[in-house]
Amino acid sequence: MKQQNERPHKRLELWKKSIEMVTKVYEVTKEFPREEVYGLTSQLRKAAVSVPSNIAEGLTRRSSAEKLHFLSIFQGSCSEIDTQAEIALRLGFLTEKQFDLLEEHLIHVQRLLGGIIRSIKAMKST
């Protein structure tokens, strides 16, 4: 149900795509071994959830420096997802197809992020 005062971050393609990525991470980690529930499953999910959360929090900040700080945390979370997905692949927890799908989402989200960072930096310098 949409509200009239929808939060601005929810209109961003970056936020929408990062939510899709979280959903994919949850889907693929459902199949991870039970003993990984507090290990790799938890780590991957936490990093994935951090991505749209930092977009939402960062873009509500007033200063460009604060916005860029949260987007930097976002970048770090993307690197965590990339590394943890690689580990999961090597351990046989992810198929090549699942890994490739996560990588596609991650690359798309990172490209969108790059555009927003450039935009914020351009506004900051004017």
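From a predicted model like this one, the values you see are computed outputs, not experimental measurements. (Residues numbered from 1 in each chain as written. Predicted model: local features only at pLDDT ≥ 70, side-chain atom pairs only at ≥ 80, totals over all residues. Heavy atoms only, no water.)

*Asks:* What is the right way to look at the environment of Val51 in this model?
*Replies:* Position of Val51 among the secondary structure elements: in helix H2 (residues 40–59). Along the primary structure Val51 and Phe70 are separated by 19 residues, whereas in three dimensions their C-alpha atoms are 9.6 Å apart. For Val51, the contacting residues outside a window of four places in its chain are Ser18, Met21, Phe74, Ser77, Cys78, Ile81 and Val109. (Helix = DSSP H or I, 4+ residues; strand = E, 2+ residues; numbered from the N terminus. Contact = heavy atoms within 4.5 Å.)

*Asks:* Before we go on, may I ask you to explain the environment of Glu104 in this structure?
*Replies:* Turning to its location among the elements, Glu104 is positioned in helix H4 (residues 96–124). By relative accessible area, which is 54% here, Glu104 ends up exposed. Glu104 sits 52 residues away from Pro52 along the chain, and the two C-alpha atoms are 17 Å apart. (Buried < 20%, exposed > 50% of the residue type's maximum accessible area, 1.4 Å probe, protein only.)

*Asks:* Got a minute to help me understand the packing of aromatic side chains in this structure?
*Replies:* In this description, an aromatic ring pair is defined by two values, namely the gap between the centres and the angle between the planes. On inspection of all chains with the given rule, the structure shows 1 aromatic pair. Plain terms: the ring middles of Phe32 and Phe93 are 5.5 Å apart, the flat faces sit at 50° to each other, and that makes the pair tilted. With Phe32 in the loop between helix H1 (13–29) and H2 and Phe93 in the loop between helix H3 (64–90) and H4, the pair connects residues that are 61 residues apart, well separated along the chain. The buried category is assigned to Phe32, whose relative accessible area is 7%. Its relative accessible area of 18% is what places Phe93 among the buried residues. (Phe/Tyr/Trp six-rings, centres within 6.5 Å; stacked < 30°, edge-to-face > 60°.)

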